[in-house]
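Residues per chain, in single letters:
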Amino acid sequence: MKYRRFGRTGWQVSEIGYGMWGMGGAWKGSDDAEAMASLQRALDLGCNFFDTAWGYGAGHSEGLLGQLVAPNPGKQLYTATKLPPKNFKWPSKREYSVNDCFRPITSSSTCIPV
């Protein structure tokens with residue numbers, strides 16, 4: 001596996017990322033056991049970058065990724081995730097305020113400039 005520095009973070013992220021959309025139940029016939037085996041295999045082969053979103057099964061794919069962490073304590077995983085608007089309305093409309101759509105950034109939030 002080849003790795004690249006992720007923006008200004010210094011993180012070494014795999015050039016091949018793992019897209020998890022199908023694991024959230026978006027594809028008919030997705031199976032959690034197969035998904036976990038596939039995630040583990042990707043990690044074993046050096047993939048450390050995973051793309052997920054709350055919208056992939058209302059957090060189901062993120063839950064699967066979370067299950068990958070415990071049995072791999074020495075591995076560094078990087079996740080790109082997307083959150084839906086707070087009001088769950090797509091597309092956004094001009095009359096929606098920023099507070100309707102976005103949560104405030106708190107001291108526990110992590111925003112990484114890239």
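Residues numbered from 1 in each chain as written. Predicted model: local features only at pLDDT ≥ 70, side-chain atom pairs only at ≥ 80, totals over all residues. Heavy atoms only, no water.

## Observations regarding the nonpolar core
No. 1: Within the largest apolar cluster, 14 residues are counted, with the highest numbers of intra-cluster contacts made by Tyr18, Met20, Met23, Leu39, Phe50 and Leu68.
No. 2: When residues of this core are traced back to their parent elements, those giving at least two are helix H1 (32-44) and helix H2 (60-69).
No. 3: A total of five residues in this core trace back to one element, the largest contributor, which is H1.
No. 4: Filtering out sequence-adjacent residues up to four positions away, phenylalanine 50 remains in contact with Tyr18, Met20, Leu39, Leu43, Leu65, Leu68, Leu77, Tyr78, Thr79 and Ala80. (Core = buried A, V, L, I, M, F, W, Y, C linked by side-chain atoms within 4.5 Å. Buried < 20%, exposed > 50% of the residue type's maximum accessible area, 1.4 Å probe, protein only. Helix = DSSP H or I, 4+ residues; strand = E, 2+ residues; numbered from the N terminus. Contact = heavy atoms within 4.5 Å.)

## Observations regarding the pattern of salt bridges
No. 1: Inspection of the entire model under this criterion finds two salt bridges.
No. 2: Close ionic contact of glutamate 15 with arginine 4 constitutes a salt bridge, the shortest N to O distance being 2.8 Å. With a gap of 11 residues between them, glutamate 15 in the loop between strand E2 (12-14) and strand E3 (18-19) and arginine 4 in strand E1 (residues 3-5) connect regions that are remote in the sequence.
No. 3: The partly exposed category is assigned to glutamate 15, whose relative accessible area is 40%.
No. 4: Note on arginine 4: relative accessible area 55%, which makes it exposed.
No. 5: Its salt-bridge partner being aspartate 51, residue lysine 82 comes within 2.6 Å of it at the nearest N-O pair. Taken together, the positions of lysine 82 in the loop between strand E5 (78-80) and helix H3 (98-101) and aspartate 51 in strand E4 (residues 49-51) put the pair 31 residues apart, joining distant regions of the chain. (Salt bridge = Lys/Arg side-chain N within 4 Å of Asp/Glu carboxyl O.)

## Notes on the sheet that holds E4
No. 1: If you trace the three strands from one edge of the open sheet to the other, you get E3-E4-E5, paired in parallel fashion. Edge strands, defined here as strands with exactly one partner in the open sheet, are E3 and E5.
No. 2: Strand direction decides the pairing type here: E3 and E4, joined by two bridges, are parallel. Its bridge partner being in E4, glycine 19 is matched across the sheet by aspartate 51. (Pairing = 2+ DSSP bridges.)

Any link to function would need more than the numbers given here.
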